[in-house]
Amino acid sequence: MGDVAQRLADIVGEQHLLTGEAVTEDYAGDEALVGEPVKPRYVAKPATTDEVAAILTTATEHRIPVTARGSGSGLSAAARPHPDGILVSFERMNAILEIDTTNHVAVVQPGVTLSELDERTAESGLGYTVYPGEMSASVGGNVGTNAGGMRAVKYGVTRNNVLGLQAVLATGEVIRTGGKIVKTSTGYDLTQLVIGSEGTLALATEITVRLHPRLTHGATVLAPFSDLDQVMAAVPAIVSSGLAPHILEYIDALTMAAITYTARLSLGIPDEVRDASQAYLVVGLENREADRLDGDVQALGELLSGLGATDVYVLEGGSARKLIEAREKAFWTAKSAGADDVIDVVVPRGAMPEFLGRAREIAARTESGVVGCGHAGDGNVHLAIFQKDPAKRASLLHDIFAAGMGLGGVISGEHGIGRAKKEHWLELEDPAKVELMKRIKTAFDPAGILNPGVLFD
């Protein structure tokens, strides 16, 4: 393996290759709550696509596992490396190559963070609308997991906002897919195939993302409900109202108490209303004109009152911002509270009440705690799982995932399968689909070096 280390050093430069004690714990995994961190044998930090291609060519030649890493903010253990493998860290490939205001796109390298892209695009009055809750996340990492977030109800997830890629195959071949075009009917859509593949098919080295005009006026409305089913019934009515919310979240009472306490946030809700509330809806509206926004807020308030909300609060700018930030950091709140896992099942929006009811029943049966919040506008339910016993937790997760799939949903809407949910997915997914995916994997990566152990055994 000494020859491999020398070849990697020749590719990226000795100062950009870490081995042995120089490999820190930060490279040993992501933010998944399950499993143990694993240090890779090598950490290579390429600066160019050619360097990535040379690394993968070397890895294929020597049959060395390769794991890609952005910011390490994922929740599925997809960035947990192999102990004998190469971790390709994209921290040096962090350039914003172009902001194209004519075609409303940005071209970036995978190591660019969402906060960096947001700052640069703001100068042009445009914005990248994927906000998965952690602005230090990298665009490349978002591509790997098809990240979503609160704004997906209006703008979609990563795959709806990535138009093209430059990517390196395991063989070292470099391909370009898509581009600054908004439609294609020309062969297989390889862009969409790579997005969400969790580093198992190819490594993206350049990403063309869609930008949207920034709407300068916004409002956040908070509506408490005394019954969770009322919250779920209100969601389709809001979506079909024509108000086009860019945020539509539900938060159960326990999670709301936790995130507001952690954020030291007072929302001005009277004690009697708060004590009687089982769940809340948070609705974000935006517009280019203040008068139109005011009219939409008024219409939303009337709609929520008619749908059973016990009250309606239009939050002031500071409180609104802090509540959204607290909701985005709900994972960290759950982690600090001792959660044993966090899941993100997605079901058809209309099936959310039944799914949440089944999840509560399963939790009670296994003497577990299941609390959470979610993207009510698109059916993506985020649940914090509290169950220390591994066997009980495995049974709980299996049954919750099966319940979601039985209602027409899937195990993960935006976190990915990775290593953390792989066993459940393989047990519950249609075997014919799994075998087809394995054949696709072999076509992209014949030596099987890209993220082995993620998705498949």
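Residues numbered from 1 in each chain as written. Predicted model: local features only at pLDDT ≥ 70, side-chain atom pairs only at ≥ 80, totals over all residues. Heavy atoms only, no water.

Draft legend 1. Highlighting a nonpolar patch on the surface. Residues Tyr188, Leu190 and Leu193 make up a contiguous nonpolar surface patch of about 340 Å² in total accessible area. We classify Tyr188 as exposed; its relative accessible area is 79%. (Patch = residues over 30% accessible without salt bridge, like charges linked within 9 Å, V, L, I, M, F, W, Y side chains within 5 Å. Areas by Shrake-Rupley, 256 points an atom, 1.4 Å probe, with all protein chains shown as cover. Salt bridge = Lys/Arg side-chain N within 4 Å of Asp/Glu carboxyl O. Buried < 20%, exposed > 50% of the residue type's maximum accessible area, 1.4 Å probe, protein only.)

Draft legend 2. Representation of the sheet that holds strand 12 (residues 217–225) in the model. Read from one edge to the other, the open sheet built from seven strands follows the order 15-12-14-13-17-18-16, with strand pairing classed as antiparallel. Bordering the open sheet on either side are strand 15 (313–315) and strand 16 (341–346), each of which pairs with just one other strand. This sheet shows a mean twist of 20° between the axes of neighbouring strands, independent of strand direction. Direction of pairing for strand 16 relative to strand 18 (residues 380–386): antiparallel, over a ladder of six bridges. Its bridge partner being in strand 18, Ile343 is matched across the sheet by Leu383. Against the sheet, helix 8 (residues 253–262) contacts strand 12, strand 13 (247–252), strand 14 (279–287) and strand 17 (369–375), and its axis sits at roughly 100° relative to strand 13. (Pairing = 2+ DSSP bridges. Helix = DSSP H or I, 4+ residues; strand = E, 2+ residues; numbered from the N terminus. Axes fitted to C-alpha atoms, helices over the stretch in contact; angles between N-to-C directions. Contact = heavy atoms within 4.5 Å.)

Draft legend 3. Representation of the packing of helix 7 (residues 228–239) against helix 13 (residues 352–365). Viewed as axis vectors pointing N to C, helix 7 and helix 13 meet at an angle of 150°, and their least axial separation amounts to 9 Å. Overall, the two elements helix 7 and helix 13 adopt an arrangement that is roughly antiparallel. Along the contact surface, helix 7 presents Leu228, Asp229 and Met232, while helix 13 presents Met352, Pro353, Leu356 and Arg360. Across the contact of helix 7 with helix 13, the residue classes tally to five nonpolar, no polar and two charged. (Parallel < 35°, antiparallel > 145°, perpendicular 65-115°, else oblique. Nonpolar A, V, L, I, M, F, W, Y, C, P; charged D, E, K, R; others polar.)

Draft legend 4. Just the nonpolar core, in detail. Counting 51 residues, the largest nonpolar core has Tyr250, Leu281, Leu304, Phe355, Leu383 and Ile400 as its most contacted members. If we ignore the near neighbours within four places in the chain, the residues touching Leu304 are Val221, Ala223, Phe225, Ile238, Leu281, Ala309 and Val312. (Core = buried A, V, L, I, M, F, W, Y, C linked by side-chain atoms within 4.5 Å.)

Draft legend 5. Main features of the packing of helix 13 against helix 14 (residues 390–406). Two elements in contact, helix 13 and helix 14, have axes whose closest approach is 10 Å; the angle formed by their N-to-C orientations is 160°. The angle between helix 13 and helix 14 falls in the class roughly antiparallel. Between helix 13 and helix 14 lies a crossing of right-handed hand. Along its contact with helix 13, which presents Phe355, Arg358, Ala359, Ile362, Ala363 and Arg365, the element helix 14 presents Leu396, Asp399, Ile400, Ala403 and Gly404. For the contact of helix 13 with helix 14, the per-class residue count stands at seven nonpolar, one polar and three charged. (Left-handed = near helix turned anticlockwise from the far one by under 90°.)

Draft legend 6. Just the packing of aromatic side chains, in detail. As enumerated under the stated definition, the model contains two aromatic pairs in all. Between Phe331 and Trp332 the ring centres are 5.0 Å apart and the planes differ by 70°, which places this aromatic pair in the edge-to-face class. Taking 5.9 Å as the distance between ring centres and 50° as the angle between the ring planes, the aromatic pair formed by Trp425 and Phe456 counts as tilted. Taken as a pair, Trp425 in helix 15 (residues 422–428) and Phe456 in the segment after helix 16 (431–444) lie far apart in primary sequence, 31 residues in all. Residues Trp425 and Phe456 agree in their burial class; the two are buried. The ring of Tyr131 is capped by Arg151, whose NZ or CZ atom sits 4.1 Å from the centre of that ring. (Phe/Tyr/Trp six-rings, centres within 6.5 Å; stacked < 30°, edge-to-face > 60°. Lys NZ or Arg CZ within 6 Å of the ring centre and 35° of its normal.)

Draft legend 7. Local environment of the environment of Thr158. Here Thr158 shows up in the loop between helix 5 (152–155) and strand 8 (162–168). For the pair Thr158 and Val174, spaced 16 residues apart in the sequence, the C-alpha separation amounts to 22 Å. Setting aside anything within four residues of it in sequence, one finds Thr158 in contact with Tyr128, Val130, Asn142, Val143, Asn146, Ala147 and Ile195. Here the side chain of Thr158 touches Ala147 through a polar contact of 2.7 Å, landing on its backbone oxygen. (Polar contact = N/O pair within 3.5 Å; in protein donor to acceptor, adjacent residues only side chain to side chain.)

Draft legend 8. View of the sheet that holds strand 2 (residues 42–44). Ordered by their spatial adjacency, four strands build an open sheet running 1-2-4-3, and the pairing between neighbours is mixed. The open sheet has two edge strands, strand 1 (17–19) and strand 3 (66–69), and neither has a second partner. With strand direction ignored, the average angle separating the axes of adjacent strands in the sheet is 20°. Bridge count for strand 3 against strand 4 (residues 86–89) is four bridges, and the pairing is parallel. Across the sheet, residue Thr67 finds its bridge partner in strand 4, namely Leu87. Sheet strands touched by helix 2 (residues 49–62): strand 2, strand 3 and strand 4. Its angle to strand 4, the strand with the most contacts, is close to 170°.

Draft legend 9. A look at the side chain of His212. Inspection of the secondary structure puts His212 in strand 11 (residues 212–213). Among the polar contacts listed, one links the side chain of His212 to the side chain of Asn161, at a separation of 3.5 Å.

Draft legend 10. Up close: helix 3 (residues 114–122). Every buried residue of helix 3 is accounted for by Leu114, Leu117 and Thr121. One side of helix 3 holds all its buried residues, which, seen down the axis, span an arc of 65°. Looking at the buried residues of helix 3, the elements they touch are strand 5 (96–100), strand 6 (105–108), strand 7 (126–127), helix 4 (139–145) and strand 10 (203–210). (Arc of directions from axis to C-beta.)

Draft legend 11. Up close: the environment of Val105. Tracing the backbone shows Val105 in strand 6. Under the relative-accessibility criterion, Val105 is labelled buried at 1%. Between the alpha carbons of Val105 and Ile362 there is a distance of 45 Å; along the sequence they are 257 residues apart.

Draft legend 12. Focus on the pattern of salt bridges. Counting across every chain of the model gives 26 salt bridges. A salt bridge links Arg327 to Glu249; the nearest nitrogen and oxygen atoms lie 2.8 Å apart. Here Arg327 is found in helix 11 (residues 317–328), whereas its partner Glu249 is found in strand 13, with 78 residues between them in sequence. By relative accessible area, which is 1% here, Glu249 ends up buried. In this structure, the salt-bridge partner of Asp340 is Lys388, at a minimum N-O distance of 2.9 Å. Placement of Asp340 in the loop between helix 12 (330–336) and strand 16 and of Lys388 in the loop between strand 18 and helix 14 is noted, with a sequence separation of 48 residues between them. One connected set of salt bridges, linked through shared partners, spans Glu98, Asp100 and Lys180.

In short, shape yes, function no, at least from these values alone.
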